Each structure stands twice: as structure tokens, then as C-alpha cells.
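Observations on the model geometry
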Amino acid sequence: MSLLLVTAATAVAAATASAAAYAGPMWTDSSWRVHDVPSTRNAADVRAEFDQFKKGPNPWGSSYNPLANFRSTKTSAQLQAEYIANRDSVSALNGEDSGSAWLASRPATSASRFAGQPTNAQ
């Protein structure tokens with residue numbers, strides 16, 4: 001019975017402490033205002049950019065089709081040949097191990113670049 005009372009008392013104390021911690025306003029510095037951030041552009045530039053955007057197609061419109069005027073530079077036969085040539089590598093990279101075994105079996109190239117490696121290290 002005493003363990004139950006201790007547990008209940010602990011829960012009540014934790015709830016009281018957490019409620020007190022979040023009782024105040026999120027921003028305690030009342031001097032912070034959105035208009036305190038200086039703008040890097042003037043209103044005329046912003047209006048001109050908006051007017052230019054309105055002259056173009058509406059990307060949120062139901063009739064918007066960015067591929068309407070797209071023309072491929074490759075023939076159907078070229079695309080089929082490219083697909084067949086890369087079919088095994090795509091299948092391996094989409095496998096259960098995400099291509100780890102296939103990549104490990106290939107020889108490493110000297111042109112490998114990894115994230116965080118600078119191209120012009122000093």
C-alpha cells in the first residue's frame with residue numbers, strides 16, 4: 001500500500017511541476033516583433049516579381065501541365081536500349097539489400113566522392 005501512495009504522490013508532483021513549467025507565455029521577451037527584421041528588398045521589387053509570376057501559368061491550376069510542350073531528344077529505340085543496358089543495375093539497386101551486395105561486388109572507382117570531402121582541400 002505504501003508503494004502505491006509513493007507512486008501516486010510522485011505522479012502528482014511531476015504533473016504539478018510540468019504544469020507550472022508550461023504555465024507562462026512562450027515568448028517572454030515582449031520586444032520581439034516581426035517588423036524588427038530588416039527587409040533586403042523594397043516593395044516595388046516584390047510587386048514586380050509578383051506581377052511577373054502572375055503572367056505565367058498557374059502551377060496550382062487544374063489545367064497546368066508542365067509536360068504539354070515537352071519533346072524528347074531520344075527515339076523510342078534508344079530509350080529501350082538504354083533501359084535494357086541498365087536493367088540489371090536498377091534491379092540490383094532496388095533489391096532487398098538496396099544494392100549493397102551489387103555495389104560491393106563492383107570495383108571501386110578513383111573518382112568516388114563522399115559527403116564532407118572538399119574538392120579543393122587546403
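Use the structure listed above.
**Observations concerning the overall build of the protein**
- Of regular secondary structure, the protein possesses 4 helices and 0 strands.
- Mapped in sequence order, the helices and strands of the protein form the string α-α-α-α.
- When burial is assessed residue by residue, the protein has 2% of its 122 residues classed as buried.
- Just so you have it, the protein exposes about 11,700 Å², and 59% of that area is on carbon and sulfur atoms.

**Description of helix H2 (residues 43-55)**
- Taking 1.5 Å per residue, 13 residues should reach 18 Å; H2 reaches 19 Å between its end C-alpha atoms and fits that length.
- Residue Asn42 occupies the N-cap position of H2, its side-chain oxygen lying 3.3 Å from the main-chain nitrogen of Ala44.

**Let's talk about the pattern of salt bridges**
- For the structure on display, the rule yields 2 salt bridges.
- Note that Lys74 is salt-bridged to Glu82, the shortest N-O span being 2.6 Å.
- The exposure class assigned to Glu82 is partly exposed, which follows from its relative accessible area of 36%.

**Side note on the side chain of Ser89**
- As for its placement among the helices and strands, Ser89 is situated in helix H3 (residues 76-93).
- Taking the relative accessible area as the measure of exposure, Ser89 reaches 18% and is therefore buried.
- Within the structure, Ser89 has its side chain in polar contact with the backbone oxygen of Asn86 (distance 2.9 Å).

**Digging into unusual backbone geometry**
- The residue Ser98 is not glycine, and still its phi comes out positive at about 60 degrees.
- Summarising the element assignment, Ser98 is placed in the loop between H3 and helix H4 (100-105).

How each quantity is defined
Residues numbered from 1 in each chain as written. Predicted model: local features only at pLDDT ≥ 70, side-chain atom pairs only at ≥ 80, totals over all residues. Heavy atoms only, no water. Helix = DSSP H or I, 4+ residues; strand = E, 2+ residues; numbered from the N terminus. Buried < 20%, exposed > 50% of the residue type's maximum accessible area, 1.4 Å probe, protein only. Areas by Shrake-Rupley, 256 points an atom, 1.4 Å probe, with all protein chains shown as cover. Expected span 1.5 Å × (residues − 1). Polar contact = N/O pair within 3.5 Å; in protein donor to acceptor, adjacent residues only side chain to side chain. Salt bridge = Lys/Arg side-chain N within 4 Å of Asp/Glu carboxyl O.

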